[in-house]
Amino acid sequence: MKVFSRFFLFVGFLPAVVFGQNTVRGIISDSSNHDPIVGANVVVINSSLGTATNLDGEFTILHIPSGLQKIKVSCIGYEPQVREINFEKEKDVQLNVALTPTVISGEEVVITAQMRGQIAAINQQLTAKTMVNVVSEERIKELPDANAADAIGRLPGVSLIRSGGEASKIVLRGLSSKFSIVTIDGNRMSPTDANERGVDLSTVSQGSLAGIELTKASTSDKDADAIAGSVNLVTRKAPSERLLRIEPRGSYNGMDKSAQQYNFSGKYGERFFDDVFGLQLSGNIERIIRSNESSDFNYQDFIKYYEITQFRPTYVSEIRKRGGGNIVFDFDTPDEGNIRLNTSYNKTSRSFLTSNRNYVQTGSVAYDYRDQEIDITTFNSFLHGENNFFGVKADWNLAYSQAKRNDPFDFELYMVEPSNRVNGEQVSGTNDLPDIYKRGPVENWAQYALNNFQAATIDHANDNAQSNFDKEKSASLNLLRGYALTDYLSGEIKLGAKFRQKSRFAAFHQVRANYYLNPWPVWTKQDDGTVVQKNLPGTRFENLALTQGGQVIFANFLDPTPGSRSVYGKYSLYPLINRDALRLWRQLNIHGYLDQTGNDPEYKENVEAEADDYGVTERVFAGYAMHTFNAGQNISLITGLRVESDDNEYTSRYTPKTLSGFPFPIGELRDTTVFHKETVVLPNFHAIFRPTDFMTLRAASFKMLARPDFNQRLLKFVASSITGVNTMNVGNPNLHNAVAWNYEVQTQFYGNAIGLFSVSAFYKDIKSMYHIVNNLQISGQHALDSIGVPWKNPYADDNVKFNLIFPYNSSKPTRVWGFEVEHQTNFKFLPGLLRNLVLNYNFTIVRSETWVSSSKTVTDTVILMPIGIKVPRTTIVPIEIKQKLEDQPEVFGNVSLGYDIKDFSVRVSVFHQSKYNISFSSNGRNDGIQDAYTRWDIAFKQGVTDNVSVTLNLNNITNTQEGSSVINRGSPGWVLSDRSIRYGATADLGVRIEL
């Protein structure tokens, strides 16, 4: 608080003469079409005063000295203009300037749609106060991206986590999505995951956005929990002229050979009452097929060679529906400010059936079918104001955000076909596989499977439920006042505070029927509580086929001629279950009982699943002071200090005694509550130097933090023992925030010919990085004490081995470093038709090192009392080993080449990311690798009239597969295919109408 007080005193006692009272404001537009120009640079010549236009092409410069002043307006792609204004005669000047496109070789260049999007992004990045990458609204409309995550993936430093054939989360500079924050106009979106802090951006349609900003070097006026960076989804206030855009699309999916897809979006905006009040509406509704095929391998490692022990083809039939809307009211206040109310709602519903079976060398065969529905909804609403009082700019905000996930249906049926012989002949399961095929090719395995569906029976069924709800309320106030010491020396002082409170819970539930243990139960409980026999007549199960032991035969769930699928066109997935039969079975049996007393349910509760329930209340107070100092137009220094203080409460579960039993461990769960307080001080420094009119140098050093996952800082303790496997799942209430020093340097070269070429280097030194000890086998109280587990070992014998799950702060630093290259340009300086080419490319190289848990065996001695003799004791204790970060491709990038000629536009784009580790094995022999991935897309647009155009997008035109492998670190070249997945090529045809 002393820091804040000193800044306030400094502002308050600055002499009044340093604050000029003159103002210039206006709109910068394109002379050819009168569209506003985003990011145009407006400066007072021979001074340090200047600004950039916003998304509406508007600008305001305050505190201009009296007298005759020259105002320069410049923008890449346009001829600069200089206007003279005498501020002795006028104190508040309205200056609207229409810039003319650049003239090259005596000819005026026509700014095409793709050029316009590129120019907007370039100028926003050049005029930003920090290191920012931008996807402009025009570029969003031109690229064939499925959602906001795909659009962000076009930027340097961004790799993608994909789900269902589209991007779902972003990985910034090798750090997963939980190390970033996502905002809408600066207001945080609630995390959508059950446990992590990441946001599933596939829930957001990019069609409603006016741009996307990716900030990699944060300043003190931004939330600090963004070690990787922050993503801001930008909307704009309503335009001065009425806007009505309608865009219906139909799509074709090559995987399922279906055109039963649609996408409809619309946008309306208009201002009323002499442009004082604005209204903007946007919405979208979409149905899309996201089916996929995959294959999965298991291996046995014989040191010198391997064998495939099991092969599993899988098909996921998925329909994904998305819908949402956004409404924005804005009001221009008399103080040249604006108040905006922005509310958005998005919902994504997924319905998918996963079908798989296994092929084995010999023995029993398994069939697994899982029918799921997942609903994810997000709601964001904020009231934001930018107002001016007595030379102070007040930026204030009240916001509410929530995210909810609910799984209304999740039912899995698992069948087993035993390996049986009659009179020496194999009649079910699989015939023994010849040795020549044990290392593949697996396409030959299907002929040895007997597919005896009359011998196969239900082994077990799982009914699952999951829900998590996150809501956050926040209030913030920022105060900014500019000053001018001389014509060349000026600056801004900015102070602010923010309070936000988050509440969230996660609940998990599972019941399981172990059909292999008992004959099929014939009883069920009605709504009134009475237990009666199940009513099967009139259903497909009225002639239910059972074995002599009362087991349910697999054939009950199949059509007379069972369906099949050729995965990848070569792996047989047979049979496909009747989905209606699967759902009917749950309906008839979920309330079943083994006897008429109603005391022995058919589906028994898994207590261990509910042990993962938790609740969190987070309260974060932040305050900051920041100073910007400008020396002319060429030097800017930004210094700041931010303080963030956490005051949190966590509820979770613990087991007073070890859970034990079969098939599920049973026992008692109790509630626990723990509190956590932590304060972090975060300094910040940025420097901008413009030595020439074509180069900018930027440097930054700043401290940021990362808060652990929601389920990690719990007073949780769940010990279980089942079938000889002992497990301890423990929370860590002493877990601290990870804190990182970040260092950034960037060089930007720019001009009408070169466009924007930038090179960035970064280095992150992260202390107290949190990791998970995940099923690490250890033994003894000594091992628990060594890593700070706040519970006693429940296993009486210290030699008993158990698998530990425990979050902890690493004692050694995690480091991430690398560089990015980005180039955006067009070829308007070339002759003839070549001048219509537009090029964007970027690539990133990332390296990292971190320390993760492993274990080693330690032998010591203990004294046996009362006889007093020494005996050896062996315990397994945790250690840390150095490795790369998981989920981090080391090389990734984008290239897009576009061409415009009159009303026709085409863009070819490619995204590539290299292979990366998804898991590390303790012995180094079974590391998981995500294979390299390259995707090609093509987008076409043909204008029909001034208001109507036709679009055609071809996605994943090379039908690229995504896959993973298993490698042996000790044996270079030892690589085995583990899993692959294919989503197929897609195409969509649409009409864009703008009025």
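Read on for an overview of the structure. (Residues numbered from 1 in each chain as written. Predicted model: local features only at pLDDT ≥ 70, side-chain atom pairs only at ≥ 80, totals over all residues. Heavy atoms only, no water.)

Section: the nonpolar core
Ranked by size, the top nonpolar core spans 50 residues in total, and within it Ile 152, Leu 175, Ile 212 and Leu 233 carry the most contacts. Those residues within four positions of Ile 212 in sequence are excluded, and the remaining contacts are Asn 133, Val 134, Val 135, Ile 140, Ala 148, Ala 151, Ile 152, Val 231, Asn 232 and Leu 233. Phe 409, Ala 513, Phe 557 and Leu 582 belong to the second-largest nonpolar core, a separate cluster that totals 31 residues. (Core = buried A, V, L, I, M, F, W, Y, C linked by side-chain atoms within 4.5 Å. Buried < 20%, exposed > 50% of the residue type's maximum accessible area, 1.4 Å probe, protein only. Contact = heavy atoms within 4.5 Å.)

Some details on unusual backbone geometry
That bond from Gly 440 to Pro 441 is cis: its omega, 0°, falls within 30 degrees of zero. Assignment of secondary structure puts Pro 441 in the loop between β28 (425–428) and β29 (457–484). The phi angle at Asn 956 is positive, at roughly 50°, despite the residue not being glycine. Tracing the backbone shows Asn 956 in the loop between β56 (948–955) and β57 (961–967). (Helix = DSSP H or I, 4+ residues; strand = E, 2+ residues; numbered from the N terminus.)

A few points about helix α5 (residues 579–589)
Of all the positions in α5, only Ala 581, Leu 582, Leu 584, Trp 585, Leu 588 and Asn 589 are classed as buried. One side of α5 carries all its buried residues, which in axial view fall inside an arc of 170°. For α5, the exposed residues set more than 90 degrees away from the buried face come down to Asp 580 and Gln 587. In this structure, the buried residues of α5 make contact with β23 (338–357), β25 (365–389), β26 (392–417), β29, β31 (523–525) and β35 (592–593). The backbone nitrogen of Asp 580 has a side-chain oxygen 3.0 Å away, supplied by the residue at the start of α5, namely Asn 578. (Arc of directions from axis to C-beta. Polar contact = N/O pair within 3.5 Å; in protein donor to acceptor, adjacent residues only side chain to side chain.)

A look at the pairing of strand β2 (residues 41–44)
Two elements, β2 and strand β3 (residues 50–52), share three bridges in a ladder whose sense is antiparallel. Following the sheet pairing, Val 42 is matched in β3 by Thr 51. Where β2 folds back on β3, the antiparallel hairpin that results is connected by five residues, among which Asn 46 adopts a positive phi of roughly 60°. Sheet analysis places β2 next to strand β5 (residues 68–74), joined by four bridges and oriented antiparallel. When the sheet's bridge partners are listed, Val 42 is paired in β5 with Val 73. (Pairing = 2+ DSSP bridges.)

Topic: the pattern of salt bridges
As enumerated under the stated definition, the model contains 64 salt bridges in all. Two residues, Asp 296 and Arg 312, come together in a salt bridge whose shortest N-O distance is 3.2 Å. You can see Asp 296 sitting in strand β21 (residues 292–301) and its partner Arg 312 sitting in strand β22 (residues 306–332), a full 16 residues away along the chain. Lys 764 is the salt-bridge partner of Glu 744, the closest N and O atoms lying 3.9 Å from each other. Taken as a pair, Glu 744 in strand β44 (residues 738–751) and Lys 764 in strand β45 (residues 755–767) lie far apart in primary sequence, 20 residues in all. Here Glu 744 falls in the buried class, since its relative accessible area comes to 2%. By relative accessible area, Lys 764 is classed as buried at 0%. (Salt bridge = Lys/Arg side-chain N within 4 Å of Asp/Glu carboxyl O.)

Describing the side chain of Asp 221
Within the element layout of this structure, Asp 221 appears in the loop between β16 (211–215) and β17 (229–234). Of note is the side chain of Asp 221, whose polar atom sits 2.5 Å from the side chain of Thr 219. Here Lys 494 takes part through its side chain, which lies 2.8 Å from a polar atom of the side chain of Asp 221. Not counting the four nearest positions on each side in its chain, Asp 221 is found in contact with Lys 494, Tyr 624, Met 626 and Arg 642.

Considering the sheet that holds strand β14 (residues 180–184)
The five strands are arranged β11-β16-β17-β14-β15 in an open sheet whose pairing can be described as mixed. Single-partner strands in this sheet number two, and they are β11 (132–136) and β15 (187–188). As judged from the five bridges shared by β14 and β17, these two strands associate in the parallel manner. Residue Ser 180 lies in a different strand from β17, and its bridge partner there is Gly 229. On the sheet, helix α2 (residues 113–127) packs against β11 and β16 and is oriented at approximately 155° with respect to β11. (Axes fitted to C-alpha atoms, helices over the stretch in contact; angles between N-to-C directions.)

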